[in-house]
Amino acid sequence: MKKFAVKNNYYGHDRILAILNYDEMQKSFTIDVPSDISEKEVPFLLSSFVKRGQRHVGNEWSLKWVQSRIVPPGRQNIGQILRENGMKRYDEYELLIKNQGRSCQDECYLEQLS
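Throughout this description, residue numbers start from 1 for each chain and increase along the sequence as written. Where local features are concerned, this predicted model is filtered to residues with pLDDT of at least 70; where side-chain atom pairs are given and counted, the filter is 80 or more; whole-chain, interface and lining totals use all residues. To obtain the side-chain values, all non-hydrogen atoms of the structure were included, while hydrogens and water were left out.

### A few points about helix α1 (residues 44–51)
(1) Moving on: Buried means the residue's accessible area, taken with a 1.4 Å probe over protein chains only, is under 20% of the maximum for its type, while exposed means over 50%, and partly exposed covers the values in between. Put simply, DSSP H or I for four residues or longer makes a helix, DSSP E for two residues or longer makes a strand, and each gets a number counted from the N terminus. Burial in α1 covers these residues: Leu 46, Ser 47, Phe 49 and Val 50. Along α1, the residues classed as buried sweep out an arc of 165 degrees about the axis, all on the same side. Relative to its buried face, α1 has exposed residues pointing more than 90 degrees away, namely Phe 44 and Lys 51.
(2) Moving on: Any two residues whose heavy atoms approach within 4.5 Å at even a single point are treated as in contact. Where α1 is buried, its residues contact β2 (18–23), β3 (28–32), β4 (56–57) and α2 (59–67). The arc under discussion is defined with respect to the helix axis, by the directions toward the C-beta atoms.

Now the structure itself:
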(Lines give C-alpha, C1' and ligand atoms only; values in the text may rest on other atoms or scores of the structure.)
Protein backbone atom coordinates (compact mmCIF):
# COMPACT_ATOMS: atom_id res chain seq x y z
CA MET A 1 0.00 0.00 0.00
CA LYS A 2 1.35 3.39 -1.03
CA LYS A 3 0.28 6.48 0.89
CA PHE A 4 0.49 10.09 -0.22
CA ALA A 5 -0.25 13.29 1.66
CA VAL A 6 -2.44 15.72 -0.24
CA LYS A 7 -1.07 19.17 0.48
CA ASN A 8 -1.62 22.77 -0.55
CA ASN A 9 1.03 25.39 0.27
CA TYR A 10 -1.74 27.94 0.86
CA TYR A 11 -2.49 26.12 4.14
CA GLY A 12 1.18 25.52 4.97
CA HIS A 13 3.54 22.86 3.68
CA ASP A 14 3.20 20.80 6.88
CA ARG A 15 -0.62 20.58 6.81
CA ILE A 16 -1.99 17.32 5.40
CA LEU A 17 -5.42 17.88 3.85
CA ALA A 18 -6.03 14.25 2.97
CA ILE A 19 -4.27 10.92 2.56
CA LEU A 20 -4.44 9.21 -0.83
CA ASN A 21 -4.00 5.45 -0.50
CA TYR A 22 -3.08 3.26 -3.47
CA ASP A 23 -3.40 -0.50 -3.21
CA GLU A 24 -0.89 -1.89 -5.70
CA MET A 25 -2.41 -5.37 -5.72
CA GLN A 26 -5.99 -4.19 -6.35
CA LYS A 27 -4.90 -1.14 -8.36
CA SER A 28 -7.40 0.91 -6.42
CA PHE A 29 -7.46 4.25 -4.63
CA THR A 30 -9.08 5.47 -1.42
CA ILE A 31 -8.87 8.82 0.32
CA ASP A 32 -8.99 9.60 4.04
CA VAL A 33 -9.53 13.12 5.33
CA PRO A 34 -8.22 13.95 8.84
CA SER A 35 -10.86 15.04 11.36
CA ASP A 36 -9.33 18.51 11.78
CA ILE A 37 -9.66 19.40 8.08
CA SER A 38 -12.68 21.43 6.96
CA GLU A 39 -14.66 21.15 3.75
CA LYS A 40 -13.13 24.46 2.61
CA GLU A 41 -9.58 23.12 2.83
CA VAL A 42 -9.92 19.89 0.85
CA PRO A 43 -9.89 19.74 -2.96
CA PHE A 44 -13.32 20.60 -4.38
CA LEU A 45 -14.39 17.06 -5.34
CA LEU A 46 -13.86 15.93 -1.74
CA SER A 47 -15.66 18.86 -0.09
CA SER A 48 -19.15 17.35 -0.36
CA PHE A 49 -17.96 14.20 1.42
CA VAL A 50 -16.46 16.20 4.29
CA LYS A 51 -19.57 18.39 4.50
CA ARG A 52 -21.66 15.22 5.06
CA GLY A 53 -19.22 14.03 7.72
CA GLN A 54 -17.79 11.31 5.50
CA ARG A 55 -14.03 11.21 6.01
CA HIS A 56 -13.30 8.03 4.05
CA VAL A 57 -13.82 8.10 0.29
CA GLY A 58 -14.03 4.76 -1.50
CA ASN A 59 -12.43 3.68 -4.76
CA GLU A 60 -15.09 5.01 -7.15
CA TRP A 61 -14.86 8.66 -6.08
CA SER A 62 -11.16 8.50 -5.22
CA LEU A 63 -10.49 7.29 -8.77
CA LYS A 64 -12.60 10.16 -10.12
CA TRP A 65 -10.48 12.58 -8.10
CA VAL A 66 -7.30 11.02 -9.51
CA GLN A 67 -8.70 11.11 -13.06
CA SER A 68 -9.53 14.80 -12.67
CA ARG A 69 -5.82 15.46 -12.08
CA ILE A 70 -4.34 13.58 -15.05
CA VAL A 71 -4.55 13.49 -18.84
CA PRO A 72 -7.65 11.52 -19.93
CA PRO A 73 -7.10 8.29 -21.90
CA GLY A 74 -9.11 9.58 -24.86
CA ARG A 75 -6.93 12.65 -25.39
CA GLN A 76 -6.10 13.15 -29.05
CA ASN A 77 -2.30 12.93 -28.64
CA ILE A 78 -2.25 10.40 -25.77
CA GLY A 79 0.36 8.20 -27.50
CA GLN A 80 2.81 11.06 -27.68
CA ILE A 81 2.12 12.05 -24.07
CA LEU A 82 2.77 8.50 -22.88
CA ARG A 83 6.01 8.26 -24.88
CA GLU A 84 7.25 11.58 -23.50
CA ASN A 85 6.60 10.25 -20.00
CA GLY A 86 8.43 6.97 -20.73
CA MET A 87 5.22 4.92 -20.55
CA LYS A 88 4.11 2.07 -22.80
CA ARG A 89 0.49 2.04 -21.64
CA TYR A 90 -1.99 4.32 -19.92
CA ASP A 91 -1.85 3.99 -16.12
CA GLU A 92 -3.65 6.43 -13.80
CA TYR A 93 -1.25 5.84 -10.92
CA GLU A 94 1.90 6.38 -13.00
CA LEU A 95 0.56 9.57 -14.59
CA LEU A 96 -0.52 10.90 -11.20
CA ILE A 97 2.90 10.28 -9.67
CA LYS A 98 4.80 11.72 -12.63
CA ASN A 99 3.17 15.13 -12.10
CA GLN A 100 3.01 14.86 -8.27
CA GLY A 101 -0.79 15.00 -8.46
CA ARG A 102 -0.70 18.61 -9.64
CA SER A 103 -3.60 20.05 -11.57
CA CYS A 104 -4.25 23.46 -13.10
CA GLN A 105 -7.55 23.55 -11.19
CA ASP A 106 -6.02 24.04 -7.72
CA GLU A 107 -2.74 24.29 -5.81
CA CYS A 108 -2.82 20.76 -4.37
CA TYR A 109 0.03 18.31 -4.80
CA LEU A 110 1.08 14.91 -3.47
CA GLU A 111 3.95 14.03 -1.17
CA GLN A 112 4.76 10.34 -0.69
CA LEU A 113 4.47 9.06 2.88
CA SER A 114 5.10 5.34 2.34
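Still to come is the rest of the account.
### Concerning the packing of aromatic side chains
(1) Moving on: Two rings from Phe, Tyr or Trp (for Trp, the six-membered ring) form a pair when their centres are within 6.5 Å of each other. A pair whose planes differ by under 30 degrees is stacked, one over 60 is edge-to-face, and the rest are tilted. This structure, assessed with the given rule, holds 4 aromatic pairs.
(2) Moving on: Their ring planes at 10 degrees and their centres at 4.2 Å tell us that Tyr 22 and Tyr 93 sit as a pair that is stacked. Separated by 71 residues along the polypeptide, Tyr 22 in strand β2 and Tyr 93 in helix α4 (residues 92–98) bring together distant segments of the chain.
(3) Moving on: On the basis of relative accessible area, Tyr 22 is assigned to the buried category, the value being 5%.
(4) Moving on: The exposure class assigned to Tyr 93 is buried, which follows from its relative accessible area of 11%.
(5) Moving on: Plain terms: the ring middles of Phe 49 and Trp 61 are 6.0 Å apart, the flat faces sit at 65 degrees to each other, and that makes the pair edge-to-face.

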